[in-house]
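Each chain, letter by letter, is given below.
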Amino acid sequence: MSLDVSPELLAEAERGDIREQDFVDTVRTSLPYAYDLIASLAADLRTGTAEFTDNQTPPPSEKERGQLLRALASDAIRGSLERHFGVKLAFQNCHRVAAFRPEAGDGETYARFTSVRAQVLNQSPEFRDC
């Protein structure tokens, strides 16, 4: 299971729409490694002048890697984190996550980062099973 959903949030969802902040709080507590990594990238982006910030350090264990993969593989989770932190996320392998400024989604740097060429160049044998 990707998220530890409280009975209260589940009941709220069954009645209708839920507040996105409640969903983000569930992501934060369920996937703390992924949440904290993206929060850190967003903070670095806000305080700097670079077009994007990225993580190139592998997670400490498969547990954390799984959190990151679950967060970025879900459109709902990824979109909520992007809106919450005010960033556009891009993902290349098991751990290379980048945070771009939202307007960069149409830019050359984002297109280069998310290109098939960049994906191929960012591969190595140790990523085979991640």
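Look up a bit, the structure's there.
Attention in this report is confined to the structure presented alongside it. (Residues numbered from 1 in each chain as written. Predicted model: local features only at pLDDT ≥ 70, side-chain atom pairs only at ≥ 80, totals over all residues. Heavy atoms only, no water.)

## Overview of the overall build of the protein chain
Part 1: The helix and strand inventory of the protein chain stands at 7 helices and 3 strands.
Part 2: Listed by position from the N terminus, the elements making up the protein chain come as α-α-α-β-α-α-β-β-α-α.
Part 3: Oriented by its inertia axes, the alpha-carbon framework of the protein chain measures out at about 45 × 35 × 25 Å.
Part 4: Out of the 130 residues in the protein chain, the part that is buried amounts to 39%.
Part 5: Pairs at least 24 apart in sequence give 61% of the contacts found in the protein chain among residues at least 6 apart.
Part 6: Accessible surface, the protein chain: about 7700 Å² in total, of which carbon and sulfur atoms supply 51%.
Part 7: Here the protein chain contributes 15 positive and 21 negative side-chain charges, whose respective centroids are spaced 4 Å apart. (Helix = DSSP H or I, 4+ residues; strand = E, 2+ residues; numbered from the N terminus. Buried < 20%, exposed > 50% of the residue type's maximum accessible area, 1.4 Å probe, protein only. Contact = heavy atoms within 4.5 Å. Areas by Shrake-Rupley, 256 points an atom, 1.4 Å probe, with all protein chains shown as cover. Lys, Arg positive; Asp, Glu negative; His and termini not counted. Charge placed at Lys NZ, Arg CZ, Asp CG, Glu CD.)

## Notes on the packing of helix 3 (residues 32–47) against helix 5 (residues 75–85)
Part 1: It is the contact of helix 3 with helix 5, at a shortest axis distance of 10 Å, that shows an interaxial angle of 35°. Where helix 3 crosses over helix 5, the handedness of that crossing is right-handed. The residues of helix 5 that touch helix 3, namely those facing Y35, I38, A39, A42 and R46, are L81, H84 and F85.
Part 2: Taken together, the residues of the contact of helix 3 with helix 5 sort by class into 6 nonpolar, 1 polar and 1 charged. (Axes fitted to C-alpha atoms, helices over the stretch in contact; angles between N-to-C directions. Left-handed = near helix turned anticlockwise from the far one by under 90°. Nonpolar A, V, L, I, M, F, W, Y, C, P; charged D, E, K, R; others polar.)

## Points about helix 4 (residues 62–73)
Part 1: Its 12 residues place the ends of helix 4 16 Å apart at the C-alpha level, agreeing with the 16 Å of an ideal helix rising 1.5 Å per residue.
Part 2: Inspection of helix 4 places E64, R65, G66, Q67, L68, A71 and L72 among the buried residues, and these make up the whole buried set.
Part 3: If you follow the buried residues of helix 4, they end up packed against helix 2 (20–30), helix 3, helix 5, strand 2 (88–91) and strand 3 (97–100).
Part 4: The opening residue of helix 4 is S61, an N-cap whose side-chain oxygen sits 3.2 Å from the backbone nitrogen of K63. (Expected span 1.5 Å × (residues − 1). Polar contact = N/O pair within 3.5 Å; in protein donor to acceptor, adjacent residues only side chain to side chain.)

## A look at the side chain of T109
Part 1: Tracing the sequence through the fold places T109 in helix 6 (residues 108–113).
Part 2: When its relative accessible area of 11% is taken as the criterion, T109 is described as buried.
Part 3: Polar contacts involving the side chain of T109 include one to the side chain of E51, which spans 2.8 Å.
Part 4: Beyond its immediate sequence surroundings of up to four residues, T109 is in contact with E51, F52 and F100.

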